[in-house]
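# Analysis of the macromolecular model
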Amino acid sequence: MTEPRSFPFDDAHADVLVVVPCLNEQEHLPGLLDALLRDARGALVVVADGGSTDASRAIVAERARRHANLHLLDNPQRIQSAGVNLAARRFGAGRRWLVRVDAHCDYPAGYVDRLKTAAAAKGADAVSVPMVSRGNGCFQVAAAAAQNSVLGTGGSPHRHLGEGRWVDHGHHALFDLMRFLAAGGYDEAFSHNEDAELDRRLRDRGARIWLEPSAAITYYPRASLRPLLRQYRNYGRGRARNLARHPDRMKLRQILPLGVVPAILLAPFGLLLAALHPWALALALPAMVWIGATLAAGAGLGLRSRVPCAMGAGGAALAMHAGWGFGFVAEWLRLRARPDHLPAPPVPLVVDPDGQATACGLEAVTICVCTFRRDSLFETLTSFLGLSALDGRAVNVVVVDNDDGDDLRAAVGRFAAGYGLPLAYVHAPARNISIARNAALDAVTTRWAAFIDDDEVADPAWLAMLLAGHEGHHAVIGQSRAVYPAELPGWAARCDFHSNRITGRPDNAYTSNALIDVDFVRGTNLRFREGLGRTGGEDTLFFRQMAEAGGSIVYRPASVVYETVPAQRATMAWVRRRKYRSGQVHGLLCREFEPVRYRKLVATAGAKLVLSAAMALLTIPGTDASRRWTARAFLHAGALHFRVKPAILEEYA
C-alpha cells in the first residue's frame, strides 16, 4: 500500500522557496531533508540535482512521494549557481523569499523561522549566516580546525560565531526573491565565489546584507587532502574572476596566500643551487618559513583545543593557502590574456509563471541546438534568421554546450545580441550527447521543442513544415538531407549514406530534425539514456520509448534541414563503422522491446550478414552496388555482435 503524500497544514512559510543544490550528497541528504520538511511550514523545497550518480536522487524521490511540497529538479549545468537560478525561475512565482540550503551542511531547528525573523527585525534584503566547520575523520577534524581559525580563513566574519552585524558578504541563506531576480541571480559563468560576486551586485543596487549568528550552520570540510586542495584552487579561481568583474582593493587575508605562489616556485631553485652557492638557500627561505610557521600554528590549535587530530590543522592550511594562491594566479593570468573569457554580468531573471511562454495567442516554440566544438554552430544559428513567418508564433533558441569549459558562452551571447535573437546558453559539461539533450529539454519553457544538429542549416520552411503537421501527435520528424561538395568522391552522393530519412516505422527516428511535445516527455518521464551518450543511438531509443509510452510520431519529409558532409566522413571506413553501430543499436532495441525477435537475432542477423557479404563480392567490389551491400553487411554484423556480446561502439569518445 502506497503511503499517502502529506500536505503542509501550517502555511506560515508559504511565501518561501527553499532551494537545495545537490550533487552526490547521499550521506547528508536524508537528515537534511527530514529536518527541512519538519520545519517547512508550507515552504516549497526544491532539490536542484546536478546529475548525481549515487543514491541522492532516489532519496529525494522517495520523500517526494510522501511530501507534496518537495520537488526534484534536474540541473543540467551541474553547478550550484545554475541550479538555484533555475529553481527560482521555475518555482518562484508568488513567493517573496528565497532560501538557499547547501547539502553539505547541518542546519539548526527553525532555520527558516530564524532567517525571516532576522530579515523582518533588521529590514534586511538578504540574510547571511556564520558557518562553523566540524569534522568526523582525523583529516576532516584538522581541516575544520583550520577553517574555524585565522590560520585558514584569515578572520572572515562569517567563518566564526560572533555578534550580528551588517556585512559585505557572508554564507548565503535568505534573499528577497525580487531583489535576487532583479540582480540577475547568480552568474552561471562562476562555478565558485558566485556568492561573493552576487553580493557585490546586490550591494551596488542598494541591498543590505545582515549576518545572523542565531542561524549559524555546521559545515563538513573535504575529508582528504586532494579534494581540499582542488576546492581551494577553485575558490582562488573564482575570486580572480570576481576581482576582474568588480575591480576593488583586496583584503589582507586574500593577499597573503598570493605570496605562497612565488615562495613555492622559488624554493626548488634555492635548494638545488645551495650546493654551489650557499646564499641561494635564501630563495627557499620564504617557503620554509611559511611551512614551519603554518605547521607550528596548527599544532598550537590542536594543543589549545586538546583534540589530537586538530594538531594537523597546519597541514590542511598549507593545502588551502597553496590551492587558493595558485588558483587565483592561474585564473588572473588567463583572464589577462583572454579578457573575453569573462562574459558580461547577467541580466535580470524572469519567473516563468506557468512553465509555458506564449505569443499572439499561439504557443511559442523553442529551437534546441546541442553543440561540441563545432564552428558550424554559427551557420546553424544564422539559418534561423531566415525562417518563414509562423503566424506570430514566438521562437526561442537554446544552445547547449557539451564542452568542458564555457568558452563558447561569450561568442553565443554576442551573436544573439547582434541579431536580436532570443537565445539562452546552457552549459552541460559532460562530453555526453544524452546529457546535452536532456539539458535542452530541461531548459525549454514551451510545450514544443524543435531539435536540429550543430552541423546542419535549416531550410526557410523547416520549422513551419514541422508545426503544420504537429496537431494530434507528440513528435514530428523531418528529413536531414546531405549535401556533398564537388571535391568528394562521386560514390558518396550517389549512395547517399549520410542523409536521414524514415522509410519504415516512424518511431525509428532521430533528433537531427525533430519537433517534440515537451509536456508529453515530462509527463511520461522520458529521458535520453546517458549510457548511450558517447555511442550514439540515444535518439532512436528515446523515440521508441516515446512510442511505447503511447506517443504518436509522424514523419513529414517536407521539413528539411541540410548537412554538408566533410571529407573525413566521405569514406567507406566511416560508413562501415556507422552502419556497424546502427546494427548494435538495433540489437539493443530488440532486446528491450521485442524479446522474441531478439532470441532469433543470431539466426536472422547471421543469415543476412552472409547474404549481404556474398552480394558485396558478386556485385564487384568498388561499384556503388557493392558499397551498398557492404554497408548492409556491417549493419547486420553489428546486430549479431550485440546479440553475442551486448556492447556498442563509442562514436563520440
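Parameters at a glance
- Residues numbered from 1 in each chain as written.
- Predicted model: local features only at pLDDT ≥ 70, side-chain atom pairs only at ≥ 80, totals over all residues.
- Heavy atoms only, no water.
- Helix = DSSP H or I, 4+ residues; strand = E, 2+ residues; numbered from the N terminus.
- Contact = heavy atoms within 4.5 Å.
- Areas by Shrake-Rupley, 256 points an atom, 1.4 Å probe, with all protein chains shown as cover.
- Core = buried A, V, L, I, M, F, W, Y, C linked by side-chain atoms within 4.5 Å.
- Buried < 20%, exposed > 50% of the residue type's maximum accessible area, 1.4 Å probe, protein only.
- 1 Å grid on protein atoms, 1.4 Å probe; cavity = no way out; pocket = protein on both sides within 12 Å on 5 of 7 lines; lining within 4 Å.
- Points joined across faces, edges and corners; volume = space filled by probe spheres on them.
- Nonpolar A, V, L, I, M, F, W, Y, C, P; charged D, E, K, R; others polar.

### Some points on the overall build of the chain
Scanning the chain for helices and strands turns up 23 helices and 21 strands. Projected onto its principal axes, the C-alpha positions of the chain cover 85 × 75 × 55 Å. A fraction of 80% describes how many contacts in the chain between residues 6 or more apart in sequence connect residues 24 or more apart. With the model as given, the accessible surface of the chain reaches about 28700 Å², and the carbon-plus-sulfur share is 58%.

### Description of the nonpolar core
Ranked by internal contacts, the top residues of the largest apolar core, which has 38 residues, are V18, V20, V101, Y111 and L115. Counting residues in each nonpolar core, the second largest holds 32 residues, with V400, A440, I502 and I553 among its members.

### With respect to empty space enclosed by the protein
Applying the stated rule across the entire model yields 1 cavity of 30 Å³ or more. In this structure, the largest cavity spans a volume of roughly 30 Å³. Forming the boundary of the largest cavity are D340, H341, P343, D406, D407, R409 and A410. The class makeup of the residues in the lining of the largest cavity is 2 nonpolar, 1 polar and 4 charged.

### A word on the environment of G606
Here G606 lies in helix α22 (residues 601-618). Residues G606 and L640 lie 34 residues apart in sequence; the distance between their C-alpha atoms is 6.4 Å. Not counting chain neighbours up to four residues away, the residues in contact with G606 comprise L601 and L640.

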